[in-house]
Amino acid sequence: MATLSVPPTALSPREDAVYLYKAFKGSGCDDATVISILAHRDATQRKLIQQEYRALYKEDILTRLAKEVSGKLEDAVLLWMQDPAERDAILVGEALAEISIDLRAATEVICSRTPSQIQVFKQIYHSKFGSYLEHDIERQATGDHKKILLAYASIQRYEGMEVDTQIAAKDAKALYKAGEKRLGTDENVFMRIFSERSRAHLAAVNSCYQETYGVPLVKAVKKETAGLFAYSLLTIIRCAENPAKYFAKVLRKAMKGLGTDDTTLIRVIVTRTEIDMQYIKAEYHKNTRRL
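So, a few notes on the structure that sits alongside this text. All values reported here derive from a predicted model rather than from experimental measurement. (Residues numbered from 1 in each chain as written. Predicted model: local features only at pLDDT ≥ 70, side-chain atom pairs only at ≥ 80, totals over all residues. Heavy atoms only, no water.)

## Focus: the overall build of the protein chain
Applied cut-off: Think of it this way: any DSSP run of H or I at least four residues long counts as a helix, any run of E at least two long counts as a strand, and we number them from the N terminus. Only protein chains enter the accessibility calculation, which uses a 1.4 Å probe; a residue whose area is less than 20% of its type maximum is buried, one above 50% is exposed, and one in between is partly exposed. Residue contacts are counted whenever heavy atoms from the two residues lie within 4.5 Å of one another. Areas reported as accessible are Shrake-Rupley estimates using a 1.4 Å probe. Residue values count occlusion only from the protein chains shown.
On a plain count of helices and strands, the protein chain comes out with 18 helices and 0 strands. Along the first, second and third principal axes, the C-alpha set of the protein chain runs to 70 × 45 × 40 Å. Within the protein chain, the proportion of its 291 residues that are buried is 46%. Counted over contacts in the protein chain with a minimum sequence separation of 6, partners at least 24 positions apart contribute 67%. About 14800 Å² of surface is accessible on the protein chain, with carbon and sulfur atoms providing 53% of the total.

The structure is reproduced here in structure tokens:
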């Protein structure tokens, strides 16, 4: 099907709505036109397009998109049309659903978001799924993984950049004593510090830990913990240090080897494009040049 001539630069929301309507008409959807419009519109413009489309055609454009596009494109487009908090609520809700449980995906979203972001998407989660996030975590997760998710999703952490270096040094020492210094691991110490401290504070703890004990905190976490609990802690500390580097690593892993993990690619690209994708790309290319 021939594509309509739509410039990537924004027209008016009404003109965009008309072009999209034309792309839906006939036998088969003009996917290229849909992508050329929606992929080049920011969140405000996309909301205005939704409003104009409903006003012109008395139909929700999301409903029409679900009918017209399919497969992974449908997943990406419908997610892209949502607000950031709505996306997070949808992603976590789908990841915790009984039929398609994906605890790694749920963990990634929860443990890479700020406290304020979590609080907003928790409210949307409840309105969309009729269940509290904490209740679904209780039902689907287990052990220390469940405890860290519950704590991280509920505790209001400081989001500023100020750090008390003395407390950071004490936390580094407490983590060393709870892990590498002893036989066995006191998971509760790791859980408390990682769930209660701000990102800036955890970055300072990591620096103190490496300066004092000669290894980065990430290595200590890998050595002392395992499974989804370790994955939670690693996501928290890596996002405290450099979220762009963390997501670049997630993308690289999704494209490594035979085949591609499309679900992960969509989740990361759609949710980070309007936040820090330029930094993720820089980190991705930086690491790729080293290979």
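## A short note on the side chain of R238
This is how the line gets drawn: Just so you know, the count uses Lys and Arg for positive and Asp and Glu for negative, and it drops His and the chain ends. Each reported salt bridge corresponds to a side-chain nitrogen of Lys or Arg within 4 Å of a carboxyl oxygen of Asp or Glu.
Here R238 is to be found in helix α15 (residues 227-241). One buried charge, R238, has no salt-bridge partner; the nearest side chain with opposite charge is E241, at 9.7 Å. Contact partners of R238, with chain neighbours within four places excluded, come to V218, K222, P243, Y246 and K249.

## With respect to the pattern of salt bridges
Within the structure shown, the criterion is met by 19 salt bridges. Between R113 and D88 there is a salt bridge, and its shortest N-O distance comes to 2.7 Å. Note that R113 is positioned in the loop between α7 (103-111) and α8 (115-129) and D88 in helix α6 (residues 84-95), a separation of 25 residues in sequence. The pair formed by R113 and D88 is uniform in burial state, with each residue classed as buried. Put simply, E98 and R139 hold a salt bridge, and the shortest N to O gap is 2.8 Å.

## Notes on the nonpolar core
Cut-off, in case you're wondering: In plain words, nonpolar cores are sets of buried Ala, Val, Leu, Ile, Met, Phe, Trp, Tyr and Cys residues tied together by side-chain atoms within 4.5 Å.
Core analysis: the biggest nonpolar cluster contains 70 residues, and L38, L65, V92, I137, L175, F194 and L217 have the highest contact counts within it. Leave out the neighbours within four places in its chain, and I137 touches L96, I110, K146, L149, L150 and A153. Among the nonpolar cores identified, the runner-up in size contains 13 residues, and Y246, F247, A254 and V268 belong to it.

## Looking at the packing of helix α14 (residues 217-224) against α15
Packed helices, taken two at a time, are described by the angle between their axes plus the distance between the axes. How we decide: Working convention: axes come from line fits to C-alpha atoms, limited for helices to the stretch in contact. Angles between N-to-C directions cover 0 to 180 degrees. Each angle is binned into one of four classes, with values under 35 degrees roughly parallel, values over 145 roughly antiparallel, values of 65 to 115 roughly perpendicular, and all other values oblique. Residue polarity is assigned by list, with Asp, Glu, Lys and Arg as charged and Ala, Val, Leu, Ile, Met, Phe, Trp, Tyr, Cys and Pro as nonpolar; anything else, Gly included, falls into the polar class.
Here α14 crosses α15 at 175 degrees, and the two axes come no closer than 9 Å. On the basis of the axis angle, α14 is roughly antiparallel to α15. On α15, the residues touching L217, V218, V221 and K222 of α14 are A230, L233, L234, I237 and R238. Split by residue class, the contact of α14 with α15 holds 7 nonpolar, no polar and 2 charged.

## Re the side chain of T225
Applicable threshold: Distance and chemistry together define a polar contact, namely a pair of N or O atoms within 3.5 Å, with one atom able to donate a hydrogen and the other to accept it when in protein, and with adjacent residues in sequence counting only for side-chain atoms on both sides.
Position of T225 among the secondary structure elements: in the loop between α14 and α15. A distance of 2.6 Å separates a polar atom in the side chain of T225 from the backbone oxygen of V221. For T225, the residues in contact, after removing those within four places along its chain, are A230 and L233.

## Regarding the layout of surface pockets
Keep this limit in mind: A cavity here means a set of 1 Å grid points, computed over protein atoms only, where a 1.4 Å probe fits but cannot escape. A pocket is an open set with protein on both sides within 12 Å along at least 5 of 7 lines, and lining residues have an atom within 4 Å of a point. Grid points are joined across faces, edges and corners, and a volume is the space filled by probe spheres set on the points.
Computed from the structure, the largest pocket encloses a volume of approximately 660 Å³. Lining the largest pocket we find 22 residues, and of these R238, K245, Y246, K249 and N287 sit closest to its centre. Of all the secondary-structure elements, those providing two or more residues to the lining of the largest pocket are α14, α15, α16 (243-254) and α18 (277-290). Element by element, the count of residues in the lining of the largest pocket is highest for α16, at 6 residues. For the lining of the largest pocket, the class distribution of residues is 7 nonpolar, 3 polar and 12 charged.

## Let's talk about α15
Spelled out, the test is: Under the convention used throughout, the expected extent of a helix is 1.5 Å for every residue step, that is, one less than its residue count.
For α15, spanning 15 residues, the distance from its first C-alpha to its last is 21 Å, which sits close to the expected 21 Å at 1.5 Å a residue. Most of α15 sits inside the fold, with 12 of its 15 residues counted as buried. Among the residues of α15, F229, A230, Y231, S232, L233, L234, T235, I236, I237, R238, C239 and A240 are the ones counted as buried.

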